Amino acid sequence: MGMELEARRFSYQGRKAVSLSNGKVRAVIDATGGMMPEFSLRRGRGYINAHWIPDFRNSTGQPFTESEHGSYWKGKVLYLLAGDFPCSPNFGPPCQVDGADLSAHGWTATEEWEIQDSGTLADAGAAYARFTLASPAPSMPLFHDKLDLVYEGQPAYYSVMRISNQGKAPIAINLTRHNTLGSPFLQAGCRISLSAEEFLTPPVGTEFDDTGRLAQGAEFKSLSSAPLRDGGVADLGIVPGMIGFSDFVTGSVPSRLSLGWSCVVNPVLGLAYLSFFPGEEGLPEGEIALGFNDLWFQYGGRPFTPWALDEGGPDHSFCLGTENAVGAFANGLAYARSRPELLGKPTTLRVPAGGQRTLYYGTALIELSADLVREGVRAVEAVDGAMVLKGHKSFQTVTLDASFGKTRRLLAGLK
C-alpha cells in the first residue's frame, strides 16, 4: 500500500469539498459549514468511516431555505450536519448577541467557507487545504481562517483555526469542535474515556428536558456513576445502543494538563477514535485551550423530524458527540455570557480588539494493541513527535504530532 499524499477538490453530496489522504486515512472537509462527513481508516481494500453521516442529511447541494426545508429539518445546521465541524462564535441554539443574529452552532457551522488553497507540501510531508470565512454581521467583526492537514504516515487529521477580531473592542465568543461518531465505527459496547475528571449535566430549561434520562443540574465525579432522574446511576462510559434517550454531559479539563483529549474505543474493531488539543499547562501565548470535554448521547430520544421520519414517530438516529469546547453546555453564546463559569472554567474566550486567537486540534484513528483494547485508554500524553496511550498497566506509542510542534512550524512557514 502506497503512502501517497493527495489533496483533491471535488463535489461531495452536492457540496464543494476537499479530500485529504495519505494512503492510511482520508478526511473530507465540506466548504459549507466546515462539515467533515468522513474520517476513514484504511482496512484491507476498504475504509472504515468513524464520522456520522445522518440519513437525513440533505445530499442535493440545494441551499437551505426556511420556507422549503424549515418544517422538516428545523434549522440549517441539521440540513448540513455531518461528522466533525467547528462551532464559532456560538455553540448551541440561535441567539442574538452584540446586535448579531447567530445561527445554531455559529457561522462556521452554517455558512460557506472560501477554499483558498489546497495541495501537498513535500518538505513537510503533508496534504493540506486552507479555508476562510468572514463574519456576515458587521456588529461582530470576526474573521476565521482554517488550515486542515494530514501528514505522511500518520493516522490523523489536524485543524488549525485562527479567529481574528477586526473591531475596536474585545469580543467574548464560544468555540467548539463538534466531533460526532456514527456507524460503522460506533456500535453498542464502545467505551468512552475523557481527560475531564468532574462532570455536570445541563439544568432544567434546555433541549434535553424532554429527551433525557440523566438527573438535571447534577454534578458527579465519574462517567461510570452518572445519576439518573428516576434514581440510580448509569455508566456513561459504555455505549448502550438505542435506548430512546438523548442526553448531554459537560466535563472540565484539568488545568494541570498540557494535553486535553477524548477517546472512544471500539473493542470489536480494535480501534480508538481520539481527539486531542493543547491544555492550559504551558499553553503558548495567543493559543486556545478548550476547557470542556462534552458528550452528546444521541441514542434515540427525539420523536420528531428530522431525527424521526415523521412527527411523533420513533427516533432512529444513533450517534455520539465527543465535543471539545469553550461554552456553557450547548446553550448558546448569550447563555454563556450570562453564566461565565462552569466547574471552575470560563464559558467564553476573549478575542482581543485587533488581535487573534488560535486553536490547534487533532483527531486520530488508532489501531490498538490487544492489551489496550482489554484495559481501555485511561490516560493520553504527548511526547516529542508521538502520543502515548496508557491503560491500567500497558501503554502504546503512536507517531503523531501530539504536541503540535510540527504543525506550529508548518503554519509559521505558510504565512
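Residues numbered from 1 in each chain as written. Predicted model: local features only at pLDDT ≥ 70, side-chain atom pairs only at ≥ 80, totals over all residues. Heavy atoms only, no water.

Enquirer: What am I meant to see in the layout of surface pockets here?
Expert: Think of a ball as big as a water molecule: rolled over the atoms, this probe shows where empty space is left. Considered as a void within the structure, the largest pocket measures approximately 630 Å³ in volume. Taken together, 28 residues make up the lining of the largest pocket; nearest its centre are V77, L78, A104, H105 and E207. At three residues, helix α2 (residues 76–80) tops the list of elements feeding residues into the lining of the largest pocket. Residues that form the lining of the largest pocket fall into these classes: 13 nonpolar, ten polar and five charged. Quantified by volume, the second largest pocket comes out at close to 480 Å³. S193, L194, W261, V377 and R378 are, among the 27 residues lining the second largest pocket, the residues nearest its centre. (1 Å grid on protein atoms, 1.4 Å probe; cavity = no way out; pocket = protein on both sides within 12 Å on 5 of 7 lines; lining within 4 Å. Points joined across faces, edges and corners; volume = space filled by probe spheres on them. Helix = DSSP H or I, 4+ residues; strand = E, 2+ residues; numbered from the N terminus. Nonpolar A, V, L, I, M, F, W, Y, C, P; charged D, E, K, R; others polar.)

Enquirer: Which parts of the structure should I look at to understand empty space enclosed by the protein?
Expert: Tallying each qualifying case throughout the model produces three cavities of 30 Å³ or more. Size it by volume and the largest cavity reaches roughly 50 Å³. Along its surface, the largest cavity is lined by T201, P202, P203, T206, F208, L214, A215, Q216, R229, D247 and F248. Taken together, the residues that form the lining of the largest cavity break down as six nonpolar, three polar and two charged.

Enquirer: Is there a simple way to explain the sheet that holds strand β31 (residues 395–399) in this structure?
Expert: By definition, the strands of a sheet pair up through backbone hydrogen bonds, in either a parallel or an antiparallel sense. Spatial ordering of the open sheet is given by β29-β30-β31, a layout of three strands whose pairing is antiparallel. Because the sheet does not close on itself, it has two edges, and the strands there are β29 (379–383) and β31. The sheet shows a mean angle of 20° between the axes of neighbouring strands, direction not considered. Two elements, β29 and strand β30 (residues 386–390), share five bridges in a ladder whose sense is antiparallel. In the strand pairing of β30, V380 is matched with L389. (Pairing = 2+ DSSP bridges. Axes fitted to C-alpha atoms, helices over the stretch in contact; angles between N-to-C directions.)

Enquirer: Please clarify how the nonpolar core should be interpreted in this entry.
Expert: Grouped burial of nonpolar side chains is what soluble globular proteins tend to show. Grouped together as the largest cluster of nonpolar side chains are 70 residues, with contacts concentrated most on M140, F185, I192 and L236. Broken down by element, the residue count for this core peaks at four residues, all from strand β10 (residues 126–134). With residues near it in sequence (within four places) discarded, F185 still touches N49, A50, C190, V264, N266, L269, L271, Y273 and L365. Formed by 31 residues, the second largest nonpolar core is a distinct cluster that contains A272, V398, L400 and F404. (Core = buried A, V, L, I, M, F, W, Y, C linked by side-chain atoms within 4.5 Å. Buried < 20%, exposed > 50% of the residue type's maximum accessible area, 1.4 Å probe, protein only. Contact = heavy atoms within 4.5 Å.)

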